[in-house]
Amino acid sequence: MEANGSNYPFEYLSQLNMAHNQIFLLRGFTHTFRNPINSILLASELLQRYIEDVSSQFDGLADEPDELSGWFRETGGKIQTTMPQIVRNVSSAAIRLNQLVMHLSEMIGRGAVAAQPHVDMYQLVTLCHQLLQHQIRERTQHFNLDCADNLPLLPGNGQQLLQAILNLVMNALLALPDRSCGLEFVVFHNQELQQIELIIADQGCGIAPATLPHVLAPFFTTWAEKGCVGLGLTVASQIIKEHGGRLMIDSKLDAGTTVWVTFPCLSVANCFCGIGN
């Protein structure tokens, strides 16, 4: 299977693109992991200080039992007001770390997304949003996600579709010249046409008319200085095509780009049963 008439097998391009995405996302995970880990370390340090304080007070008052009641009132009040929040912080940080581990599992194809025979687009879009939290915060102050929660299931490979969506959103984020520019991501069910539609509209740099016909070509990029290798749109377009979908791009230089993707719903797309698991 070849992508867009190139001499490179699509499987090769897809694996290369996935490896590049993982590097891009792991940079964000490095930053995101740091905050909950620091929270756990700080909470542990405070808990250790409480233990040392209690131990020293007990050692000093061991021979003065009459003084214990007053000390207990003071220290007990401090523990009652501060300890619950410390414990909540530790618990919250641990939950966040666990979620990040689950997201990494999805990225390497061992999570629930990869295991499902049909695809829940709401789940994929939500996971994409979670995976890109660091990149979103870094690139824009105005990210709007509007995803319907009653979307019908799609036939196909969840891991591939996640890869395609990540590619499209990352491209839109990279197009933003500064954090004041916005990005809107809308997903809904077009009941009249029985298809799921994704619209990703950015207020970025846009694409020159002479460049637009080439954006799906493998290894074509105008963002080499940003670390791009020119595979995101190539792979996304091929995955969308294999799932019976359509990819359309409308762009104006210095005004932004809108990407529109459509997928036929399960009842309409039974003929696409051959997509790999």
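Residues numbered from 1 in each chain as written. Predicted model: local features only at pLDDT ≥ 70, side-chain atom pairs only at ≥ 80, totals over all residues. Heavy atoms only, no water.

Focus on the sheet that holds strand E5 (residues 195-202)
Cut-off, in case you're wondering: In this analysis, strands are considered paired if DSSP registers two or more bridges between them. What counts as a helix is a DSSP run of H or I of at least four residues, what counts as a strand is a run of E of at least two, and both are numbered from the N terminus. Working convention: axes come from line fits to C-alpha atoms, limited for helices to the stretch in contact. Angles between N-to-C directions cover 0 to 180 degrees.
If you walk across this open sheet you meet the 5 strands as E2-E4-E5-E7-E6, and the pairing is mixed. Each of the sheet's edge strands pairs with one partner strand only, and the pair in question is strand E2 (142-147) and strand E6 (246-252). Across this sheet, the average inter-strand angle for adjacent strands is 10°, counted without regard to direction. The pairing of E6 with strand E7 (residues 256-264) spans 7 bridges and is antiparallel.

Overview of the packing of helix H6 (residues 158-174) against helix H7 (residues 232-242)
What counts, and what does not: If an angle is under 35 degrees, it is roughly parallel; if it is over 145, roughly antiparallel; if it lies from 65 to 115, roughly perpendicular; otherwise it is oblique. Here is the rule for handedness: rotate from the far helix to the near one, and if that takes an anticlockwise turn smaller than a right angle the crossing is left-handed, while a clockwise turn gives right-handed. Contacts between residues were defined by any pair of non-hydrogen atoms, one from each residue, lying within 4.5 Å.
Two numbers describe how H6 lies on H7: the axes approach to 9 Å, and their chain directions differ by 140°. One way to sum up the angle between H6 and H7 is to call them oblique. In the packing of H6 onto H7, the handedness of the crossing is left-handed. For the pair formed by H6 and H7, the contact residues are Gln160, Leu161, Gln163, Ala164, Asn167, Leu168 and Asn171 on the first element and Gly232, Leu233, Val235, Ala236, Ile239, Ile240 and Glu242 on the second.

Here's the deal with the environment of leucine 131
Rules: Buried residues are those whose accessible area, probed at 1.4 Å on protein chains only, stays under 20% of the maximum for their type, while exposed residues exceed 50% and partly exposed ones sit between those limits.
Relative to the elements of secondary structure, leucine 131 occurs in helix H4 (residues 121-131). Exposure remark for leucine 131: the relative accessible area of 4% places this residue in the buried category. With 35 residues separating them along the chain, leucine 131 and leucine 166 place their C-alpha atoms 8.7 Å apart.

Quick word on H7
By the criterion of burial, H7 is predominantly enclosed, with 9 of the 11 residues buried. Those residues of H7 that sit buried are Gly232, Leu233, Thr234, Val235, Ala236, Ser237, Gln238, Ile239 and Ile240. Of the residues one or two after H7, glycine 244 is the one with positive phi, at around 75°.

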